[in-house]
Amino acid sequence: MLRLSLRNKLLTAFSMLVLPLVVLLLLEIHSNWNRREKDLIDDQLQTVQTLGMQLDALFDSAISEGWAVANDPWVKTLHAKVLDIHLKQLVLSNSLFAAVNVFDSDGNNRGWGSAVSPAQPRSNIADQSQFRKAMQTNLPAISSVRQLRSFASPGIAVAVPIRDSRGAPIGVVSVVILSSRLTESFGQIALHEGQAISLIDTEGKLALDSRLKNLTVKESELFKNLPELQSALAGTSVVLKRVLSPIDHQEKIGVLVSTPKYHWVVGSSISRKIVFRELRDALRGQIAAVFGMLLLSAVLAIYLARRLAAPVLKLKSHAVLLGQGTVDQPVTIQTGDEFELLADSFNEMSRQIQSREHALKKSEAQYRRLVETAEEGIWTIDENQITTFVNPKMAQMLGYAQEEILGKGGMAFASPTEIPMHDRQIELRKQGLHTQYDLKFIRKDGTPLWTILSASPIYDEQGKYAGSLGVITDITERKKNEQDLARLAEENARLYAEAKRTLDLREEFLSIASHELKTPLTPLKIQLQLLKRLSDQDLLATFPKDKLAFIVSSGEHELGRLVRLVEDLLDVSRIQSGQLQLNLKTVDLSSLLAELAERFRPQFATANCILSVTLQSDLNVTADAFRLEQIITNLFTNAIKYGAGKPVSIDLRLEKNQVVFELRDEGIGIAEKDHARIFSRFERAVSGRNFGGLGLGLYITQQLVTAHHGKIQVKSQLGAGALFRIDLPAA
C-alpha cells in the first residue's frame, strides 16, 4: 500500500478539492451550452405554435368569408355583371384577400372580385384540386402553394361550395391569398438576430419565408426534399439541432410544427453561429479562470502543507503517550489556530478518561428514568419474539398492566391482519436492518390503536441477533384525520370535475353562440349592403321587384332566425333564475297542433319530408298557449333538421286522462347513451359542424313540459329515426 507523508497528503487533498471545482466549472459550461440550446428551442416552439394558430385563424377567416359569400342569395344566381361589382367591393373592404371569385359547377368564372386583376378573360378552374375537392365533398378545400394565373405570383386559394336549397353544390367561392400577403401578415413578427420564419403547405411547398421578400415558384420548392419535413407534415413536432438551410446555406437550429387544424407546417430557425457567439466568448474567460484557479491552488497548497506539518507531528507523539497511559503530561502548542485548540482537546481528554466510569453509571440511571417517563411506548422482545420489557406508557396505550404483557408474544396484542407484515419486518431486523412501519394493535377494550413502530435489532456479545427494541408512537388521531382528508380529497376531486365540465360547457357554448349568431348576421349584412348600393346608385326603382322581394324576404328570414336565437338564450336565463312565468288557460291542443302542422307543411315539403297527421279532436289541456306552441315548434324544427328526406308522423290521443303527443321521424336517430344528455343545456347528439344551433331547443322544451306538470321521453337508435313523446294532464 502506498504510504504518503503528511505534507504529500495535504498536497494531494488540496488537489482533490480543486479538481471537483474544475470539473463542476466544466460541467457548468456544458450545462450553459445545453440550457441555451434548450431555451432557444423552447422559444422557437412557442413562436411557431402561436403562428400556427394564427395561420389556422387566417384560413378560418378565409373560409368564413367564403361561406358568407356562398350563402348570399344573390351570389347563388351566378349573375356575372352584378357579382363582379359586389365581389370587388368585398375585396376592397378586406385587404387580407387578393381576390374573391365565384365559379359555376363547370369551373367557369361567374363573378370576379379583385382590386388589381381584371375579370376578362374569365378563367376556368375545373382542373384545380381545391375546386374538385370542394365540389366532390361539399366542404371547404385549401389549395397548395402554386403560381396563380391571374396574378403572376405564388399564392393559395380557399374554395367554399355554393349550395342550392337542397344543400347540393352548384359552384364554389374562391378566396385568394397571395404569398406576398402572407409575408405582410407574418413577416413583421419581432425576431431574434438571424432568426427566420417559414410557412409550408401540406405538399411541402414553401408559402412564406421571412428571408425572401418576393417568393417565386422555384423558391417554394426549396424545403420539399427536407427529410424532417415529412415527420412534421405527419403531425410530429420536429427539433432540428443541426441542419443546413437550403436558402442561405448556413447551419441552423430550429423547429418544425404542424398547425393544429389545417396541418400546414410552421418553421423557425436561427443561425447557430449567431446563437452561440456569446457563449463562445464567455467560454474563453471561463477557461482562463480555471487555469488561474489551478495555479493559485497549487501555490496555496504548498504553503499550507509546510505550515501544518510541524504541529501535526508534535500531536502525533503526544497521542502515542496518551495511548500508553501517560495522561499527566500536557501538550503545549501555541499557534493561535485550530492546532492549539486540538492540543487543549488532548489535555481535556485525559481528564475525561478519569471521570468516565462515574459518568457511565450516572448515564445508566438517567436512561432508566427516561424510559420509565417517556411519552412514547418502548417494547423489547427476545429472539423468539417474547416480550422482555414494556414501559408504563406502552402498557397505558394498550390498557393493560405491565405484568399482563411481559412474557407474552410480541404480536399477541396486534390485529391478526398485521401478523404477516410484522413477520417480514422481523426477518429484515435479523439481517441487521432498522425498520419503521405502521402497526395496528387492539386495546384491552377492543378499540383499535394505530401506531408507528420504529424498531432496531439487538445483538449479544458474539454479535448474534438477540431480539429487537421498538419505539412506538400513537397515531390513532392522525389516522382518523387522514381518512377524513381522503374523503375530503375525493369530494374536492368530484367538485373539480364538475367545475371543469361547467367551464368546458361554457367555452363550447361561447364558440357555438358566436358561430350561430354570426351565421344570420353575415348574409343580412351583405343584403343590406346590396340594398344600400342600389339605393346610392338610384337603382331601386328599376331593380326587378321579384328579386328585391327575395332579398327582403331573405333578410326577414335571417332576422327571424337571429331573434329566435336571442329568445332561446333569454328563456334559458328565465328558467335558471326561476322567473319563467306561465299564462295558464284551457287550450284546445287538437286545434293548435292542426294549425301548426299546416303552418309547417311548406317547411316539411322543402326538406322532402312527407308529413302525416293523426289527431283526436277536442283534447284540451291547461297550459300557456304561447309556450305550448314553442314546445311543438321545437320538435317540428328538430324533425325537419335531422329527418330531412324522410317521412314524419304526428299523433295526438288521450290515454288514462293524459293527452299524449307523439312525433316520429325516420332520420339519423340518437344513440342510446345520448338520450339523457340531449335534454341538457348546450348539448347535442351530433356535431355542430354539420348541424347548426345552440343546443338549447330540447333543454327549453323539457323545462317547459315540466313546468306544465308533464313529461317528455325519447326512444331512438342511431340511424333508425327518433320518437319524441309528451304527456300532459288533460283539462
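Within every chain, residues take consecutive numbers counted from 1 along the sequence as written. Two thresholds apply to this predicted model, a pLDDT of at least 70 for residue-level local features and 80 or more for giving and counting side-chain atom pairs, whereas whole-chain, interface and lining totals are computed over all residues. As a convention, hydrogens and water are excluded, and side-chain values are obtained from all of the structure's heavy atoms.

1. Concerning the overall build of the protein
Where we set the bar: Counting from the N terminus, the helices are DSSP H or I runs at least four residues long and the strands are E runs at least two residues long. Burial classes: relative accessible area under 20% of the type maximum marks a residue as buried, over 50% as exposed, and values in between as partly exposed (1.4 Å probe, protein chains only). In this analysis, two residues are considered to be in contact whenever any of their non-hydrogen atoms come within 4.5 Å of each other. All accessibility values rest on the Shrake-Rupley procedure with a 1.4 Å probe; residue burial counts only the protein chains present in the view.
Helices and strands together make up the secondary structure of the protein, namely 16 helices and 23 strands. Burial analysis of the protein (731 residues in total) assigns 40% to the buried set. Counted over contacts in the protein with a minimum sequence separation of 6, partners at least 24 positions apart contribute 59%. For the protein, the exposed area adds up to about 40700 Å²; of that, 56% sits on carbon and sulfur atoms.

2. Description of the sheet that holds strand 18 (residues 611–615)
Rules: Whether two strands pair depends on DSSP finding at least two bridges between them. Each axis is a line fitted through C-alpha atoms, taken for helices only over the stretch in contact, and angles between the N-to-C directions span 0 to 180 degrees.
Overall, mixed pairing links the five strands, which are arranged 18-20-21-23-22 in an open sheet. Sheet topology places strand 18 and strand 22 (711–716) at the edges, where each strand pairs with a single neighbour. Between one strand and the next, the sheet's axes are offset by a mean angle of 15 degrees, whatever the strand orientation. Against the sheet, helix 14 (residues 589–606) touches strand 18, strand 20 (648–655) and strand 21 (658–665), its axis set at about 175 degrees to strand 18. In the packing of helix 16 (residues 697–707) onto the sheet, contacts are made with strand 22 and strand 23 (722–729), and the angle to strand 22 comes to roughly 135 degrees.

3. A look at unusual backbone geometry
Of note, Asn608 is a non-glycine position whose phi angle comes to about 60 degrees, a positive value. When you line up the elements, Asn608 lands in the loop between helix 14 and strand 18.

4. Structural notes on the nonpolar core
Definition in use: Among the buried residues, those of types Ala, Val, Leu, Ile, Met, Phe, Trp, Tyr and Cys that are joined through side-chain atoms within 4.5 Å form a nonpolar core.
If you look at the biggest cluster of nonpolar residues, it comprises 49 residues, and the most contacted ones within it are Val69, Val102, Val173, Phe186 and Trp264. In terms of residues, this core owes the most to one element, helix 1 (residues 6–70), which gives twelve residues. One finds Val587, Val659, Phe661 and Ile712 within the second-largest nonpolar core, a separate group that totals 42 residues.

5. Some words on the side chain of Glu418
Quick reminder of the rule: The charge count treats Lys and Arg as positive and Asp and Glu as negative. His and the chain ends do not count. Salt bridges are defined as contacts in which a side-chain nitrogen from Lys or Arg sits within 4 Å of a carboxyl oxygen from Asp or Glu.
Tracing the backbone shows Glu418 in the loop between helix 10 (402–405) and helix 11 (419–430). This buried residue, Glu418, is left without a salt bridge; Lys440 holds the nearest opposite charge, at 6.7 Å. In this view, Glu418 contacts Met411, Asp438, Leu439 and Lys440; residues no more than four positions away in its chain are not counted.

6. Notes on helix 11
Here is the rule: What a helix should span is 1.5 Å times the count of its residues minus one. The directions considered for the arc run from the helix axis to the C-beta atoms.
In this model, helix 11 (twelve residues) spans 17 Å end to end at C-alpha, consistent with the 16 Å of a helix rising 1.5 Å per residue. Within helix 11, burial applies to Met421, His422, Gln425, Ile426 and Arg429. When helix 11 is viewed along its axis, its buried side chains cluster within an angular range of 145 degrees and face the same direction. Those residues of helix 11 that are buried lie in contact with strand 12 (377–382), strand 14 (435–442), strand 15 (448–459) and strand 16 (465–474). Of the residues one or two after helix 11, Gly432 is the one with positive phi, at around 95 degrees.

7. Regarding the pattern of salt bridges
A complete count under the given rule lists 23 salt bridges for this structure. Two residues, Asp104 and Arg110, come together in a salt bridge whose shortest N-O distance is 3.5 Å. Residue class for Arg110 comes out partly exposed when judged on its relative accessible area of 30%. One salt bridge connects Glu655 with Arg725, and the closest N-O pair in it is separated by 3.1 Å.

8. A closer look at the packing of helix 14 against helix 15 (residues 625–642)
The following threshold applies: Should the near helix be turned counterclockwise from the far one by less than a right angle, the crossing is left-handed, whereas a clockwise turn marks it as right-handed. Side-chain classes follow a simple rule in which Ala, Val, Leu, Ile, Met, Phe, Trp, Tyr, Cys and Pro form the nonpolar group, Asp, Glu, Lys and Arg form the charged group, and the remainder, Gly included, forms the polar group.
It is the contact of helix 14 with helix 15, at a shortest axis distance of 11 Å, that shows an interaxial angle of 35 degrees. As helix 14 packs across helix 15, the resulting crossing turns out to be right-handed. Here Leu589, Leu592, Leu593, Leu596, Ala597, Arg599, Phe600, Gln603 and Phe604 of helix 14 lie close against helix 15, whose contacting residues are Ala625, Leu628, Glu629, Ile632, Thr633, Phe636, Thr637, Ala639 and Ile640. Looking at the contact of helix 14 with helix 15 residue by residue, the classes come out as 13 nonpolar, three polar and two charged.

9. Here we look at the pairing of strand 14
Burial along strand 14 is one-sided: the face carrying Thr435, Tyr437, Leu439 and Phe441 is buried and the face carrying Gln436, Asp438, Lys440 and Ile442 is not. Alignment of strand 14 against strand 15, held across eight bridges, turns out to be antiparallel. Looking at the pairing, Ile442 lines up with Pro448 of strand 15. Between strand 14 and strand 15, which follow one another and run antiparallel, lie five residues, and Gly446 among them has a positive phi close to 90 degrees.

10. A few points about the sheet that holds strand 14
Pairing between sheet strands relies on hydrogen bonds along the backbone, with the strands arranged either parallel or antiparallel. Read across the sheet, five strands follow the order 13-12-16-15-14 without closing on themselves; strand pairing throughout is antiparallel. With one partner strand each, in any of the chains shown, strand 13 (387–390) and strand 14 form the two edges of the open sheet. Averaged over neighbouring strand pairs, the angle between their axes works out to 30 degrees when direction is ignored. Those strands touched by helix 11 are strand 12, strand 14, strand 15 and strand 16, and its axis lies near 145 degrees from that of strand 14.

11. Here we look at the packing of aromatic side chains
Using the following cut-off: Pairing of aromatic side chains requires ring centres within 6.5 Å, counting the rings of Phe and Tyr and the six-membered ring of Trp. Pairs whose planes differ by under 30 degrees are stacked, by over 60 edge-to-face, and all others tilted.
Tallied over the full model, the rule gives seven aromatic pairs. Pairing Tyr400 with Phe413 gives two aromatic rings, centres 5.0 Å apart and planes at 65 degrees, and the pair type is edge-to-face. With a gap of 13 residues between them, Tyr400 in the loop between helix 9 (392–398) and helix 10 and Phe413 in the loop between helix 10 and helix 11 connect regions that are remote in the sequence. Under the relative-accessibility criterion, Phe413 is labelled buried at 6%. Aromatic pair Phe600 and Phe636: ring centres 5.3 Å apart, planes at 75 degrees, arrangement edge-to-face.

12. Here's the deal with the confidence of the model for the protein
We count it as follows: Each residue carries a pLDDT value, the predictor's own confidence for that position, ranging from 0 to 100.
Mean pLDDT over the protein stands at 80; residues scoring 70 or higher make up 79%. In this model, residues 687–692 is a region of pLDDT below 50 whose contacts with residues beyond four sequence positions or in other chains number nine contacts.

13. Points about the side chain of Ser245
Along the chain, the position of Ser245 falls in the loop between strand 9 (238–244) and strand 10 (251–258). On the basis of relative accessibility, which here comes to 6%, the residue Ser245 falls in the buried class. Once residues lying within four places of it in the same chain are set aside, the contact partners of Ser245 are Arg211, Gln250 and Lys252.

14. Describing the packing of helix 15 against helix 16
Axis angle and axis distance: for two packed helices, these are the angle between their axes and the distance between the axes, and together they describe the pair. Look at helix 15 against helix 16: their axes get within 10 Å of each other, and the N-to-C directions meet at 145 degrees. The element helix 15 and its partner helix 16 pack so that their crossing is left-handed. Every residue of helix 16 that contacts helix 15 at Arg627, Gln630, Ile631, Asn634, Leu635 and Asn638 is listed here: Gly697, Leu698, Ile700, Thr701, Leu704 and Val705. Split by residue class, the contact of helix 15 with helix 16 holds six nonpolar, five polar and one charged.

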